[in-house]
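So the chains spell out like this:
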Amino acid sequence: MLSFPLNAQNPRVGAAELRGVWLTNIDSDVLFERSRLNKALQRLDELNFNTVYPTVWNWGWTLYPSKVAQSVIGRSLDPTPGLQRRDMLKEVVDVGHQKGLTVIPWFEFGFMAPADSQLAKRHPQWLTNRVNGTQIVKEGTHDRVWLNPFHPEVQQFIQNLIVEIVRNYNIDGIQFDDHFGLPSELGYDAYTVALYKKEHNGKAPPTDFKNPEWVSWRANKITNYMKRVFTAIKATKKNCIVSIAPNPQRFSYDFFLADWQKWERMGLVEELVVQIYRNDLNVFNSELEYPEVKAARSHIPVSIGILSGLKGRFVPMQQIETQVQSVRDRKFAGVSFFFYETLWNLANEKPPQRQTSFQKLFPTPKAYPNLLLGWKG
């Protein structure tokens, strides 16, 4: 009797390769209209992309109707007109799955919020600060504040948001990045200082925020929280992939107290997409060779996040092609691009020209490299 694999009919099966793209609401309106979103997913499918990472938590709002947000923030949905009377996330899941795309919502802002957000105004006791008492962290021109990741009420709120998404939507996974940590200059709020003193015989935390023990203490607390969130996700839907898209380890740990290398070793990461947004090819390539990246590759799919451009920062297609080739030469699990709008809409080269180039990069369909469905590196 001839035996055929069950998935022989699926054209996306073969050697798997992540071909992802982040869909955000910053400098992009792809999420703000149903027909525009549908066309984008259609085009990505035609060009043999296989994964989308739509943002679901941004600017202090949820981008899907949320009872958790309603109870904590006083509003269930981001007030942007294009999101009203819709469930954008359900649309991405439904249309994406019709097209055979893997859908992994991206929890983009993590513990970060705009300084003037309803969230920050309603819960000032949830915010953390520097040693001098200041709270504002600049992100470009924007004033941000950070929820205290060590505060039990903050932890419960963020976990409730995550579990709500996992429970209510037929998603394939959920993704976090460095914003699931904390800028290392923060953590001097009254709650955290008291917690540190309690665990250090009454001694206050060092005033030098780069003090290695103080960095390690906070990073370990965030790791413990990551473990708690992972467990909650798996208790809700065990086949939901936990994906992390951080900066390289040194930056994540030093600047955001996000010790993803440890998370990965503890089995809390089922997909790693390392953001390597570099123009210099030598620097880009050197980032691919770090030992923690190689170590992760031995047991989970590790892909590389490539910058396809920003508003006002054009990335030529040739650079994208060269970086994709570098990733393939080293046999990574694939690539994901930041961000949708700069694939071809926000670019100096014409959209048809850019789309033709992506068609050449991805000439035939490939499966998403899913660890939970027997991925082998």
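Residues numbered from 1 in each chain as written. Predicted model: local features only at pLDDT ≥ 70, side-chain atom pairs only at ≥ 80, totals over all residues. Heavy atoms only, no water.

**A word on the packing of aromatic side chains**
Defined as follows: Any two of the Phe, Tyr and Trp rings considered here, Trp counted by its six-membered ring, make a pair once their centres fall within 6.5 Å; the pair's planes then place it as stacked at under 30 degrees, edge-to-face at over 60, or tilted in between. Only DSSP runs of H or I covering at least 4 residues are called helices, and only runs of E covering at least 2 are called strands; the numbering of each starts at the N terminus. For every residue, the accessible area (1.4 Å probe, protein chains only) is compared with the maximum for its type, and the residue is labelled buried under 20%, exposed over 50%, or partly exposed between those bounds.
Inspection of every chain in the model, using the stated rule, returns 31 aromatic pairs. For the ring pair W126 and F157, a centre distance of 5.7 Å and an interplane angle of 35° mean the geometry is tilted. Placement of the pair is W126 in the loop between helix 4 (118-122) and strand 7 (137-139) and F157 in helix 5 (residues 152-168), with a sequence separation of 31 residues. Accessibility expressed as a relative area gives 4% for W126, which makes it buried. Ring geometry for F251 and F256: centres 6.1 Å apart, planes at 55°, overall tilted. Judged by relative accessible area, which is 16%, F256 ranks as buried.

**Quick word on the pattern of salt bridges**
Basically, it comes down to this: Criterion for a salt bridge: a side-chain nitrogen of Lys or Arg within 4 Å of a carboxyl oxygen of Asp or Glu.
Under the counting rule described, the total for this entry stands at 18 salt bridges. E139 serves as the salt-bridge partner of R144, at 3.0 Å between the closest nitrogen and oxygen. Judged by relative accessible area, E139 falls into the partly exposed class, the value being 29%. Look at the salt bridges and you will find they share partners, linking E17, R19 and R328 into a network.

**Examining the packing of helix 12 (residues 317-329) against helix 14 (residues 351-361)**
Rules: A fitted line through C-alpha atoms serves as each axis, taken over the contacting stretch for helices, and the angle formed by two N-to-C directions is quoted from 0 to 180°. To sort the angles, those under 35 degrees are grouped as roughly parallel, those over 145 as roughly antiparallel, those from 65 to 115 as roughly perpendicular, and the leftovers as oblique. In this scheme the handedness of a crossing depends on how the near helix is turned from the far one: anticlockwise by less than a right angle means left-handed, clockwise means right-handed. Here a residue-residue contact requires only that any non-hydrogen atoms of the pair lie within 4.5 Å. Just so you know the grouping, Ala, Val, Leu, Ile, Met, Phe, Trp, Tyr, Cys and Pro go in nonpolar, Asp, Glu, Lys and Arg go in charged, and all remaining residues, Gly too, go in polar.
For the pair helix 12 and helix 14, the least separation of the axes is 11 Å and the interaxial angle reads 15°. The angle between the axes of helix 12 and helix 14 places the two elements in the roughly parallel class. Every pair of crossing elements has a handedness; the one defined by helix 12 and helix 14 is right-handed. Every residue of helix 14 that contacts helix 12 at M317, I320, E321, V324 and R328 is listed here: R354, S357, F358 and L361. Here the contact of helix 12 with helix 14 is built from residues that sort into five nonpolar, one polar and three charged.

**Looking at the layout of surface pockets**
What counts, and what does not: The method works on a 1 Å grid over the protein atoms by themselves. A cavity is a set of points holding a 1.4 Å probe that cannot get out, a pocket is an open set with protein on both sides within 12 Å along at least five of seven lines, and residues with an atom within 4 Å of a point line them. Grid points are joined across faces, edges and corners, and a volume is the space filled by probe spheres set on the points.
Put simply, the largest pocket is a space of about 1000 Å³. Forming the walls of the largest pocket are 40 residues, and the residues nearest its centre are M112, E139, H179, N247 and F256. Mapped by element, the contributors of at least two residues to the lining of the largest pocket are strand 7, strand 8 (142-146) and helix 8 (249-256). Looking at the lining of the largest pocket, its residues break down into 20 nonpolar, eight polar and 12 charged.

**Things to note about the sheet that holds strand 10 (residues 241-244)**
For sheets, the rule is that strands pair by backbone hydrogen bonds, running either parallel or antiparallel. Just so we agree on the cut-off: Strand pairing is defined by DSSP finding a minimum of two bridges between the two strands.
With parallel pairing, the eight strands of this open sheet are ordered in space as 5-2-1-15-12-11-10-9. Where the open sheet ends on each side, the last strands, each with one partner, are strand 5 (102-103) and strand 9 (173-176).

**Focus: the nonpolar core**
Grouped burial of nonpolar side chains is what soluble globular proteins tend to show. Under the convention used in this document: In plain words, nonpolar cores are sets of buried Ala, Val, Leu, Ile, Met, Phe, Trp, Tyr and Cys residues tied together by side-chain atoms within 4.5 Å.
Ranked by internal contacts, the top residues of the largest apolar core, which has 115 residues, are I158, F176 and F337. Broken down by element, the residue count for this core peaks at eight residues, all from helix 7 (residues 212-236). Core analysis: the second largest hydrophobic core is formed by five residues, Y188, Y196, W214 and W217 among them.

**Remarks on the confidence of the model for the chain**
Going by this rule: As a per-residue measure, pLDDT reflects the predictor's confidence and takes values from 0 up to 100.
Confidence in the prediction of the chain, expressed as mean pLDDT, is 95, and 96% of residues score 70 or more. Note that residues 1-13 has pLDDT below 50 and, in this model, 11 contacts with residues that lie over four places away or in other chains.

**Things to note about unusual backbone geometry**
The omega angle of the peptide bond from F338 to F339 is 5°, so this bond is cis rather than trans. The topology assignment puts F339 in the loop between strand 15 (334-338) and helix 13 (340-344). Positive phi outside glycine occurs at N201, with the angle close to 50°. Structurally, N201 is set in the loop between helix 6 (190-199) and helix 7. Residue classification places N201 among the exposed positions, given a relative accessible area of 82%. The phi dihedral of L257 is positive, around 55°, even though this residue is not glycine. Here L257 is to be found in the loop between helix 8 and helix 9 (260-265).

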